[in-house]
Amino acid sequence: MKTQRIGAFTVERITESEGPFAPLAFILPGVDMDRLEAHADWLRPGFVDVQDRLVMSFHSYVLKTPRCNILIDTCVGNHKERPLRANWHRQEFGYLAAMAAAGVQPQDIDYVCCTHLHADHVGWNTSLRDGAWVPTFPKARYVFSRTEYAHWQGEHQRALASGVPLPNQGSFSDSVLPVVEAGQACMVDDGFEFDHGVHLQEASGHTPGNCIVHARSQGDHAVFSGDIFHSPVQLINPDWSSRFCHDPLQAAAARHTLAQQMADTPSVLLAGHFPSPVAGRVVSRSQGFGWKTELQ
Ligand SMILES: [Zn+2]
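Report on the accompanying structure. (Residues numbered from 1 in each chain as written. Predicted model: local features only at pLDDT ≥ 70, side-chain atom pairs only at ≥ 80, totals over all residues.)

### Side note on helix H5 (residues 146–162)
With 17 residues, H5 should cover 24 Å at 1.5 Å per step; its first-to-last C-alpha distance of 24 Å lies within 8% of that length. Every buried residue belonging to H5 is among Glu148, His151 and Trp152, and all of these are buried. Angular distribution of buried residues about the axis of H5 spans 85°; they occupy a single face of the element. Exposed and oriented more than 90 degrees from the buried face of H5 are Gly154, Gln157, Leu160 and Ala161. The secondary structure elements touched by the buried residues of H5 are strand E8 (141–145) and helix H6 (171–181). Phi for Gly163, located one or two positions after H5, is positive at around 80°. (Helix = DSSP H or I, 4+ residues; strand = E, 2+ residues; numbered from the N terminus. Expected span 1.5 Å × (residues − 1). Buried ≥ 20, exposed ≤ 12 C-beta atoms within 10 Å, placed from the backbone. Arc of directions from axis to C-beta. Contact = placed C-beta atoms within 7 Å.)

See below:
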């Protein structure tokens, strides 16, 4: 993704990894393959490869306003113990080098915003230093939805009490709690404003306190949608929730609402996992929605 302008704001994409991730039928178990094949001309091979795997990107966005730099979602991270998912386990991604190449250093980040607290959205919150997890972004306030944090804190405590595996593959423990303990966490409610024109909106379903971020400047508008959509495939039928959605029906409702609001408008959608070229616009179709990536 080239630098995306939103009025006086700019957005850089910081990519951790990108490629065929997992079978489409695994990630989106409700997909009707006949209906999907009717869209093969634009879906294949960029979004669904020849082996019917979903092509996904794991990336962050740096939203720069005239007053602050906001890092939205923090991917998988390095050196995390994720034995249940080989491609996330004890990784050594070149993420900070990618960030440096975009002209951003960790100390430049004023806010870290996790749209939700799944393991692939909190990883770079912390880094391993002298055997301890410490905040990667030393000057940042880490913004978490109060609802989202309370849910996972409860799950974490229940797991500790009952001896079952920790939630989100341990990421609450190694990538969220150390930030709270360092005094850098900021629990916020629906509507929190980072800066003029940049605010958080709760859109629960994928997780109980899932959020999206709106950025508005000089008449332009972009939505950082986190995991409301995992793939443009879901624009064909927004009912197709992912297997990772906490409440699939509520997630589908949030997906429908956002697609309806954005369809055929100049608003730019910046999703959490859409592969290159990433940025695009939602268009309406006679059935469902479509995806347009040529922005200029
Ligand atoms: Zn995700």
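### Quick word on the sheet that holds strand E10 (residues 193–195)
Paired through backbone hydrogen bonds, the strands of a sheet run either parallel or antiparallel to each other. One open sheet holds the five strands; their spatial order is E10-E11-E12-E13-E14, and the pairing between them is mixed. The open sheet has two free edges, formed respectively by E10 and strand E14 (268–271), since each of these has just one partner strand. Strand-to-strand twist across the sheet, computed as the mean angle between neighbouring axes with direction ignored, equals 20°. As paired strands, E10 and strand E11 (residues 198–202) are joined by two bridges and run antiparallel to one another. From the neighbouring strand, Glu193 faces E11, where its bridge partner is His199. (Pairing = 2+ DSSP bridges. Axes fitted to C-alpha atoms, helices over the stretch in contact; angles between N-to-C directions.)

### Description of the nonpolar core
In terms of nonpolar packing, the biggest core is built from 78 residues, with Leu63, Leu71, Tyr111, Val112, Cys113, Val213 and Leu270 touching the most fellow members. Element by element, the count of residues in this core is highest for strand E3 (residues 53–64), at seven residues. (Core = buried A, V, L, I, M, F, W, Y, C linked by C-beta atoms within 7 Å.)

### Topic: the sheet that holds strand E2 (residues 9–23)
Pairing is mixed in the open sheet, where seven strands are placed in the order E1-E2-E3-E4-E5-E8-E9. On the outer flanks of this sheet lie strand E1 (4–6) and strand E9 (185–188), each paired with one strand and no other. Averaged over all pairs of adjacent strands, the angle between strand axes in this sheet comes to 30°, irrespective of strand direction. Bridge count between E2 and E3: twelve bridges; the pairing is antiparallel. Directly across from Thr15, in E3, lies its bridge partner His59. Together, E8 and E9 form the strand contacts of H5, whose direction differs from that of E8 by roughly 80°.

### Digging into H6
Those residues of H6 that sit buried are Ser171, Phe172, Asp174, Ser175, Val176 and Val179. In the core, the buried residues of H6 are packed alongside strand E6 (126–129), strand E7 (132–135), E8, H5 and E9. Phi for Gly183, located one or two positions after H6, is positive at around 80°.

### A few points about the pairing of E3
Burial within E3 is extensive, with eleven of its twelve residues counted as buried. Here E3 runs beside strand E4 (residues 69–72); their pairing, made up of four bridges, is antiparallel. When the bridges of E4 are listed, Leu63 appears paired with Ile70. Linking E3 back to E4 in an antiparallel pair, the connection comprises four residues.

### Some points on the pairing of E6
Across four bridges, E6 lies against E7 in antiparallel orientation. Paired with Ser127 across the bridge in E7 is Val134.

### Here's the deal with unusual backbone geometry
Cis geometry is found at the peptide bond from Arg44 to Pro45, where omega equals 0°. In this structure, Pro45 sits in the loop between helix H3 (40–43) and E3. With an omega dihedral of 5°, the bond running from Ser276 to Pro277 counts as a cis peptide bond. Of note, Pro277 is situated in the loop between E14 and strand E15 (281–284). Phi at Asp52 is positive, roughly 60°, even though this residue is not glycine. Mapped onto the elements of the fold, Asp52 is located in the loop between H3 and E3. The residue Asp130 is not glycine, and still its phi comes out positive at about 50°. Relative to the helices and strands, Asp130 resides in the loop between E6 and E7.

### Observations concerning the environment of Lys139
Its place among the elements puts Lys139 in the loop between E7 and E8. Put simply, Lys139 and Asp108 are 31 residues apart on the chain and 7.6 Å apart in space, counted from C-alpha to C-alpha. Setting aside residues no more than four positions away along its own chain, Lys139 makes contact with Gln107, Ile109 and Asp110.

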